[in-house]
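Coordinate inspection notes
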Amino acid sequence: MTMKPVFKKTKGLTEKATHYCPGCTHGIIHRVVAEVLEEMDVLEDTIGVASVGCSVMTYEYFNCDMTQSAHGRAPAVATGIKRVLPDRIVFTYQGDGDLAAIGISEAIHAAARGENITIIFVNNAIYGMTGGQMAPTTLIGQKTITSPEGRESVSQGLPMRVSEMIATLDGAAYIERVSSHDVPHIAKMKKAIKKAFEIQKKGLGFTMIEVLSTCPTNWGIDAIESLEWVKENMIPVYPLKVFKNLEEVK
Amino acid sequence: MAKLLMKGNEVIAEAAVKAGCRYFFGYPITPQNELVTYMAKRLPEVGGVFLQAESEIAAINMVYGAAGTGARVMTSTSSPGYSLKQEGISYLSGAELPAVICNISRGGPGLGNIQPAQSDYFQATRGGGHGDYYLPVFAPASLQEVADLMGDAFDVADKYRTPVLILADGVLGQMMEPVEFSDKVVEELPKKDWATTGTRGDGGPKIITSLDLDIGGLEAHNSRLKDKFENITKNEIRYEEYEIEDAEYILVAYGSVARIAMSAIKLARKAGIKVGLIRPITLWPYPQEPFIKTRDKVKGYMSVEMSAGQMVEDVRLAVNGHAPVSFYGRNGGVIPTHEEIYEKIVQLSGGVKA
């Protein structure tokens, strides 16, 4: 009897074992991005930009040329690369601390310029790498080490919906929020990410896919509960939707 | 090539284009705006890209991205903007990316004013950002020197894979002088097999990073950087000497102030005072040689600056106690006149002999 492989590891990832905590969905999102790049046959023409936070080491995991950037500055770095090499695929991979807090300006202006890059924006409503601080995306009532009583709106403000905000910019071509909490949603995530990269390949402008993700370690719950938490608590605040879909890219 | 009458900021820009710079990421700030304006018009003419960033922080990080592809890339700013670029410059140094940055410096601290100043000397010559690093600093004194130095600045950046700073005060940025550009045209850039341009045909992913979580790994990287800085110190120091052969007193000045000091020296020589000038052209690495050979012969040095006293510390280090070192400066955007420097020379030498 001959054995037939039914699943293979994507060529888009290196052999390096990731450092992510058990139950974190960064690994899934990495795999999906890598599979898309492999399926589009653009791995050799891609330059990825790593950010600062849990995804700081992505340059060791994606099997393409990678640049590590300063905290929040990945869209500016990607802009510099893309302006020199307009025919390459350029993407950033950023968390919500990196993009929504310190790097919001770079993200907004890259979108406003219609910079022909793709941002993979991973939102788990907390700073993971530094030990679980409140992020701009932290939910009201969510306990973090810098909102120990739970985030309250009067002194700590309200959650920031980045996709909705970026979608208001004329320069944005395609903006969608997806989730990583179960298999059907992961399939939708892949479709969205592929669409974004295809739009970039056609030179049609700025694309961002926001992916809701987990942080069992800093949320203080287990992996299964974390997936449930995304569904029960995050999606009501961060609805899964296509926020921007320019006529030309449909 | 014929002589052209041009403004300093435009000379810097044109000389960069002639040196093969095709990418410029800028942000408006006085007194360097003509440089950005010139690039906005000029770069598209030569197939390059000019982009006005949303901030100095974004601009330097765009430079970081473009430098990573191996392109010749530049940004320019003035003092407050240079402070904002420090983070990116530290990353450029750590990730060993070549780029040229211009600081057309103005009065500080804070928002200061828009008049010329040399008060960013410490920031320029001590790395400026976080971590163990230096970057080569060129300080031209005339627009012709600017035209001649820009190509070298890009070459040094590429050769050593380091950011390079052109530190010119607002006088140089704003003044007009005749300049003659060299006919040399940069056609081919040095090969950069480390550049992240995609892996097609090169066998595997390349990584640009300044991160090394392994403690031993970072120390090894920093030691390699230190070796590189020592090499730059060995090979790239530049300075000019003026009337120092018989000098009893030596002024030390750089940039536009050096030219004012030369006028003061001419007056002093007429009055019989034997005074000369050491003009560092590289501020880092700092020239030691002209001090070592004169410090046991002269009666004293005087650092003349448009600051409250910054380069004077490097003069003291170079003189190393062999002779008295004094300082004269104006700051906050005030330019010293050659007459007032002359008065200081007279005081230093104990007065003009009748």
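Everything below is about the structure printed above this text.
Residues numbered from 1 in each chain as written. Chains lettered and ligands numbered in written order. Predicted model: local features only at pLDDT ≥ 70, side-chain atom pairs only at ≥ 80, totals over all residues. Heavy atoms only, no water.

1. Structural notes on the overall build of chain B
Rule in force here: Under the DSSP-based scheme used, a helix requires at least four consecutive residues in state H or I and a strand at least two consecutive residues in state E, with every element numbered from the N terminus. Atoms counted for the radius of gyration: C-alpha only. Globule rule: 2.2 Å times the number of residues to the power 0.38. Relative accessibility decides the category of a residue: with a 1.4 Å probe and only protein chains considered, values under 20% of the type maximum give buried, values over 50% give exposed, and everything between is partly exposed. We call two residues contacting when some pair of their heavy atoms lies within 4.5 Å. Note on areas: Shrake-Rupley, 1.4 Å probe, and residue coverage restricted to the protein chains presented here.
Helix and strand content of chain B: 12 helices and 15 strands. The C-alpha atoms of chain B give 21 Å as radius of gyration, which agrees with the globular expectation for 354 residues (20 Å, within 12%). Projected onto its principal axes, the C-alpha positions of chain B cover 80 × 50 × 40 Å. For chain B, the proportion of its 354 residues judged to be buried stands at 58%. Across chain B, every contact between residues at least 6 apart in sequence was considered, and the portion connecting residues at least 24 apart equals 79%. Surface exposure of chain B reaches about 13900 Å², of which carbon and sulfur atoms provide 52%.

2. A short note on the interface of chain A and chain B
To keep it simple, the criterion reads: Computed with a 1.4 Å rolling probe, the buried area is the accessible surface lost when two parts are put together, summed over both parts. We count a salt bridge whenever a side-chain nitrogen from Lys or Arg sits within 4 Å of a carboxyl oxygen from Asp or Glu. Any N or O atom pair separated by 3.5 Å or less is treated as a polar contact, with the protein-specific requirement of one donor-capable and one acceptor-capable atom, and with residues adjacent in sequence counted only for side-chain atom pairs. In the scheme used here, Gly and all other residues not listed as nonpolar or charged are polar, with Ala, Val, Leu, Ile, Met, Phe, Trp, Tyr, Cys and Pro taken as nonpolar and Asp, Glu, Lys and Arg as charged. Only strands that DSSP links by at least two bridges are regarded as paired with each other.
The interface of chain A with chain B comprises 32 residues on the first partner and 31 residues on the second. Together chain A and chain B conceal approximately 2600 Å² of surface at their shared face, both sides included; 57% is due to carbon and sulfur atoms. Salt-bridge contacts for arginine 200 of chain B lead to aspartate 45 of chain A; the nearest nitrogen and oxygen are separated by 2.7 Å. Taken together, the links from chain A to chain B amount to 14 residue pairs in polar contact (both at pLDDT 80 or more). Of all the elements in the fold, those that place two or more residues in the side of chain A that touches chain B are strand E1 (46-50), strand E2 (65-68), helix H2 (74-84) and helix H4 (104-112) of chain A. In terms of residue count, H2 of chain A provides more of the side of chain A that touches chain B than any other element does, 7 residues in total. Here the side of chain A that touches chain B is built from residues that sort into 13 nonpolar, 10 polar and 9 charged. Here E2 of chain A pairs with strand E9 (residues 207-208) of chain B via 2 bridges, running parallel.

3. Let's talk about empty space enclosed by the protein
Residue and element names in this part refer to chain B. Rules: Put plainly, a pocket is an open set of points on a 1 Å grid over the protein atoms alone with protein on both sides within 12 Å along at least five of seven lines, a cavity is a set where a 1.4 Å probe fits but cannot get out, and a lining residue has an atom within 4 Å of a point. Grid points are joined across faces, edges and corners, and a volume is the space filled by probe spheres set on the points.
Evaluation of the coordinates by the stated rule reveals 1 cavity of 30 Å³ or more. The calculated volume of the largest cavity comes to roughly 50 Å³. As for the largest cavity, its lining consists of Ser105, Ala117, Gln118, Ala139, Pro140, Leu167, Ala168, Asp169, Leu172, Tyr254 and Gly255. At 3 residues, strand E7 (residues 163-169) tops the list of elements feeding residues into the lining of the largest cavity.

4. Thoughts on the nonpolar core
Threshold: Buried Ala, Val, Leu, Ile, Met, Phe, Trp, Tyr and Cys residues form a nonpolar core when they are joined through side-chain atoms within 4.5 Å. All the domain ranges listed were derived from an automatic or database domain assignment.
Within the largest apolar cluster, 118 residues are counted, with the highest numbers of intra-cluster contacts made by Phe206 of chain A together with Met74, Met150 and Tyr301 of chain B. Take this core: its biggest share by element is 10 residues, from helix H6 (residues 143-160) of chain B. Of the domains in this structure, domain 1 (4-235) and domain 2 (239-348) of chain B are the two that each give at least three residues to this core. Residues contacting methionine 150 of chain B, with those up to four places away along its chain left out, are Ile12, Ala15, Ala16, Ala19, Met74, Val100, Cys102 and Ile166 of chain B. In this structure, Ile29, Val32, Val33 and Ala192 of chain A belong to the second largest nonpolar core, which totals 37 residues.

5. Looking at the sheet that holds strand E6 (residues 206-212) of chain A
In plain terms, the rule: Axis definition: a line fitted to C-alpha atoms, limited for helices to the stretch in contact. Angles are taken between N-to-C directions and run from 0 to 180 degrees.
In spatial order, the strands read E7(A)-E5(A)-E6(A)-E4(A)-E3(A)-E1(A)-E2(A)-E9(B); together these 8 strands make up an open sheet with mixed pairing. Of all strands in the sheet, those with a lone pairing partner are strand E7 (241-245) of chain A together with E9 of chain B, marking the two edges. Contacts from H2 of chain A reach E1, E2, strand E3 (89-95) and strand E4 (118-123) of chain A within the one sheet, and its direction differs from that of E3 of chain A by about 175°.

6. Quick word on the pairing of E3 of chain A
Residues and elements named next belong to chain A. Most of E3 is tucked away, with 7 of its 7 residues classed as buried. Alternating residues of E3 divide into Ile89, Phe91, Tyr93 and Gly95 and Val90, Thr92 and Gln94, and every residue in both groups is buried. Direction of pairing for E1 relative to E3: parallel, over a ladder of 5 bridges. Within E3, the residue paired with threonine 46 across the bridge is isoleucine 89. Sheet topology places E3 next to E4; 5 bridges connect them, and they run parallel. Looking at E4, one finds that glutamine 94 is bridged to phenylalanine 121.

7. Here we look at the layout of surface pockets
Here the largest pocket is characterised by a volume of approximately 590 Å³. The wall of the largest pocket is formed by 34 residues, among which Val52 and Gln68 of chain A together with Tyr91, Ser210 and Leu211 of chain B lie closest to the centre. Secondary structure elements with two or more residues in the lining of the largest pocket: helix H3 (96-102) of chain A together with helix H4 (79-94) and helix H8 (215-235) of chain B. With 4 residues, the single largest contributor to the lining of the largest pocket is H8 of chain B. Its residues placed into classes, the lining of the largest pocket shows 12 nonpolar, 18 polar and 4 charged.

8. With respect to H8 of chain B
Residue and element names in this part refer to chain B. Cut-off, in case you're wondering: Any helix carries an expected span of 1.5 Å times its number of residues minus one. Note that the arc is computed from the directions linking the helix axis to the C-beta atoms.
Over its 21 residues, H8 extends 30 Å from the first C-alpha to the last, a length consistent with the 30 Å expected when each residue adds 1.5 Å. Residues Gly217, His221, Leu225, Lys228, Phe229 and Ile232 constitute the buried set of H8. Taken end-on, H8 shows its buried residues confined to a sector of 120°, consistent with a single buried face. Facing away from the buried surface of H8 by more than 90 degrees, the exposed residues are Ile215, Glu219, Lys226 and Lys234. Structurally, H8 contributes buried residues whose contacts are with H4, H6 and strand E13 (282-284).

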